[in-house]
Each structure stands twice: as C-alpha cells, then as structure tokens.
Amino acid sequence: MFPQISVAPMMDWTDRHDRYFLRLIAKDVKLYTEMITAHAIAHGDKDYLLKFDELEHPVALQLGGSDPALLAQAARAGEGYGYDEINLNVGCPSPRVSKGRFGACLMLEPQLVSECVTAMRESVRVPVTVKCRIGVDEQDSYESLHAFISMLSAIGCKTIIIHARKAWLQGLSPKQNREIPPLHYETVWRIKQDFPALTIIINGGITTLAQIDAQLAYVDGVMLGRAAYHNPWLLAEIQAKYFSLGSHTSRAEVVQQFLPYARSQLASGVKLSALTRHILGLYQGIPGANKWRRHLSEHAHRPNAGIEVIEQALELV
C-alpha cells in the first residue's frame, strides 16, 4: 500500500494553475486547494472558486469556517465539483483567520469543531478530514491534543493531518508561526500510537526524501509545504520512490506539457505572470536555474507577454 504524501494547502500559492503544473510532475501525490471560506462559496462565484481541471485528481478542497450549516453547504458544493476530499482548516494561525473564527482558534472550541465536522460528514459521501496543530497558545498539553483527536475519532473523522508545531494566535505572524514554535514530531507519533485505527498525516519542516522516510516509520503519511513549491522537482523524486517508478519525465518535457495549458489560460484572459510564478523553482539546484528564473521574472509581467516567454526561458537551460 502506498503512503499518503501530499502538498499542503498554501494561501496564494496552491491555486489551480500551480496544481495543474505539479500534477504534470507527479501523478499520485495528493494536492490541496488554498483554503476557501465557506462564506465565500455561499456568496461568491462558485466556478471561479471551485472549478479545476480533471488532470488535478487526486485533489482535496480545504474549507475555512465555523458555521456548521455553511460548511455543510460548502462541502456539498465541493463534492458537486468533483473534489476527492473535503478538509476543514483547524490549524491556520493568521490573525485575519482567527478574527473570522476559523483556523487554529477552533482548537479551543472542540464542541464547535465536532458540530462542523458532523454537519459536513452528513452532507457528503467523500471523506471529510481535519488539519490541525499540536496545540494553541497555552493549551499545548498532550492531554488536550489527545482529547481533541479522540473527539474527532468519535464522530467518524478517520484522517487527521497534524502540523507538528503549536500555534501562537497573538504575537507571531503566520510566517513566524511556521518557523518559531519548535517542531515536536514525537507528539504526532504518539497520537498515531494511541489511535492506530486513524490515518495520521504529519506536516511541518519536512523537506527531503530521507526525512519523509524517517516519518513514515511512525505515521501513515507526510504533507509537504513550501519545499514542494520552491523545489517542485522534489515531487518527481517522490513519485519515483513511493509510487510508480519511471512515471515522471524530464523537466523540459514537463514544460512542454504545460505549454498547451498556458496557451488556453492566456486565451481566456489569464495573465502570463499568474502562470509563470508557479514554475520559477522547476530548475532549482541545477545549471541554468538562475537564467530560467530571471527570464521569467523579467518578461512574464510585461503587457501582451505570451507563451514565447516560457519557450525562450526553456532555451536558456
């Protein structure tokens, strides 16, 4: 059985263009949307928010919110658009998110989380999962986390993604919350020991195949964050090691496969820079990477920039 390896939901990064690009590199790594609020889905343009390319499967929709009825409605919409999983964000420490009463602050309201997850599970057939932290502010004991996971297990939530850092809701920015609170992998490992029937996915600070291997000795899966964005070819190595050998292609071939998609997006009014910003790291660590990145950065934002910018950058490497 294959391990569950995924790319984390990242605001302003894991949009549909990025996910399409990453899927060209690795066909089996699970992808997640940026967090989308249930309120936005209820009142906004659903096609704009939820539509995605069939190539992106397996892909999960991450929701933010704390209103069980709105979350249930948003989960149904996500299922209707074809997402393979609906995930509730109970881990984001952003002050803006906390002000809206969703994200990591919900770990302080387990009964409300229970009501939200139950409402979502009763509304869809696809799996409903939760992404959380190991603690929030002063509530960071193992007993508190154990009680929270026990509650999720009791209501039928079978997969939980745990960022192995606590969140500070006051005093730290989202960026600082990803770096300053220390990682406590052993806390997540202990949760897996105590809840062997649950699928436990670990997240936080994991950037290499060796680190993935080390984690898989204790948990069921690994979620990668910024490492997968800044060095997307890491996913090709993951695909080859953990899934189907030889299924990935060369970087240049990935770019060639991306070009038809880019053309179609440009024809529909998408700016080239909205596409190329996601592919800047493709050649990270190999000769020509700086030329690739510089050419895209300097030319993609210009008026009427077209597909030739990517083709020219490819010639440089």
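All values reported here derive from a predicted model rather than from experimental measurement.

(A) View of helix H9 (residues 185–194). Those residues of H9 not exposed but buried are Tyr-185, Thr-187, Val-188, Ile-191 and Lys-192. With its buried residues spanning 165° around the axis, H9 presents them on a single face.

(B) Structural view of the side chain of Asn-87. Within the secondary structure layout, Asn-87 lies in strand S5 (residues 85–90). Polar contacts involving the side chain of Asn-87 include one to the side chain of Thr-129, which spans 2.8 Å. Here Asn-87 is in contact with Tyr-32, Leu-61, Gln-62, Leu-63, Thr-129, Val-130, Lys-131 and Ile-161, once residues within four sequence places are set aside.

(C) Quick look at the packing of helix H1 (residues 16–25) against helix H13 (residues 251–267). Contact geometry of H1 with H13 gives a least axis separation of 9 Å together with a crossing angle of 155°. Taken together, the axes of H1 and H13 lie roughly antiparallel to each other. Where H1 crosses over H13, the handedness of that crossing is right-handed. Here H1 contributes Arg-16, His-17, Tyr-20, Phe-21, Leu-24 and Ile-25 to the contact with H13, which in turn contributes Val-254, Gln-257, Phe-258, Tyr-261 and Gln-265.

(D) View of the nonpolar core. Grouped together as the largest cluster of nonpolar side chains are 108 residues, with contacts concentrated most on Ile-149, Leu-152, Leu-235, Ile-238, Trp-292 and Ile-310. Setting aside anything within four residues of it in sequence, one finds Ile-310 in contact with Val-255, Leu-259, Ala-262, Leu-272, Thr-276, Ile-279, Trp-292 and Leu-296.

(E) Fine view of the pattern of salt bridges. Scanning the entire structure with this criterion turns up eight salt bridges. The partner of Arg-263 in a salt bridge is Glu-311, and the shortest N-O contact between them spans 3.6 Å. Of the two residues, Arg-263 sits in helix H13 while Glu-311 sits in helix H16 (residues 308–316), which places them 48 residues apart along the sequence. Since its relative accessible area comes to 41%, Arg-263 is described here as partly exposed.

(F) Structural context of helix H4 (residues 68–81). Helix length check: H4 (14 residues) gives 20 Å between terminal C-alpha atoms against 20 Å at 1.5 Å per residue, within 8%. Buried-residue contacts for H4 involve helix H2 (38–43), helix H3 (46–50), strand S4 (59–64), S5 and helix H6 (110–121). For H4, the N-terminal capping position is held by Asp-67, with its side-chain oxygen 2.9 Å away from the main-chain nitrogen of Ala-69.

(G) Local environment of the packing of aromatic side chains. Taken as a whole and assessed by the stated rule, the structure comprises eight aromatic pairs. On the basis of an interplanar angle of 10° and a centroid distance of 3.8 Å, the ring pair of Trp-189 and Tyr-218 is categorised as stacked. With a gap of 29 residues between them, Trp-189 in helix H9 and Tyr-218 in the loop between helix H10 (209–216) and strand S9 (221–224) connect regions that are remote in the sequence. For Trp-189, a relative accessible area of 22% puts it in the partly exposed group. Ring pairs connect the aromatic residues Tyr-20, Phe-21, Phe-258 and Tyr-261, which therefore count as one cluster. Directly above the aromatic system of Tyr-142 lies the positively charged group of Arg-190, at a separation of 3.8 Å from the ring centroid. The lysine or arginine in question, Arg-226, covers the ring of Trp-13, its NZ or CZ lying 4.7 Å from the ring centre.

Procedures and definitions
- Residue positions within a chain follow its written sequence, with the count starting from 1.
- The model is predicted, so local features are restricted to residues of pLDDT at least 70 and side-chain atom pairs to those at 80 or more, both for listing and for counting; the totals for chains, interfaces and linings are taken over all residues.
- Only hydrogens and water are removed before side-chain values are computed, so all heavy atoms of the structure are retained for them.
- Relative accessible area decides the class of each residue, using a 1.4 Å probe on protein chains only: under 20% of the type maximum gives buried, over 50% gives exposed, and in between gives partly exposed.
- The helix and strand labels rest on DSSP assignments: H or I over at least four residues marks a helix, E over at least two residues marks a strand, and numbering proceeds from the N terminus.
- It is the directions from the helix axis to the C-beta atoms that the arc portrays.
- Pairing of N or O atoms within 3.5 Å defines a polar contact, subject to two protein rules: one partner must be a possible hydrogen donor and the other a possible acceptor, and residues neighboring in sequence count only if both atoms are side-chain atoms.
- Contact definition: two residues touch when any of their heavy atoms are within 4.5 Å.
- All axes are obtained by fitting lines to C-alpha atoms, using only the stretch in contact for helices, and the reported angles, taken between N-to-C directions, cover 0 to 180 degrees.
- Between 65 and 115 degrees an angle is taken as roughly perpendicular, under 35 as roughly parallel, over 145 as roughly antiparallel, and anywhere else as oblique.
- Left-handed describes a crossing whose near helix is turned anticlockwise from the far helix by less than a right angle; the clockwise case is right-handed.
- Throughout this description, the term nonpolar core refers to a set of buried Ala, Val, Leu, Ile, Met, Phe, Trp, Tyr and Cys residues connected via side-chain atoms within 4.5 Å.
- A carboxyl oxygen of Asp or Glu within 4 Å of a side-chain nitrogen of Lys or Arg is what we treat as a salt bridge.
- Multiplying 1.5 Å by the residue count of a helix minus one yields the expected span of that helix.
- Only centres within 6.5 Å qualify two rings of Phe, Tyr or Trp (six-membered ring in Trp) as a pair; their planes then separate them into stacked at under 30 degrees, edge-to-face at over 60, and tilted for everything else.
- Look at NZ for Lys and CZ for Arg. If either is within 6 Å of the ring centre and within 35 degrees of the ring normal, a charge sits over the ring.

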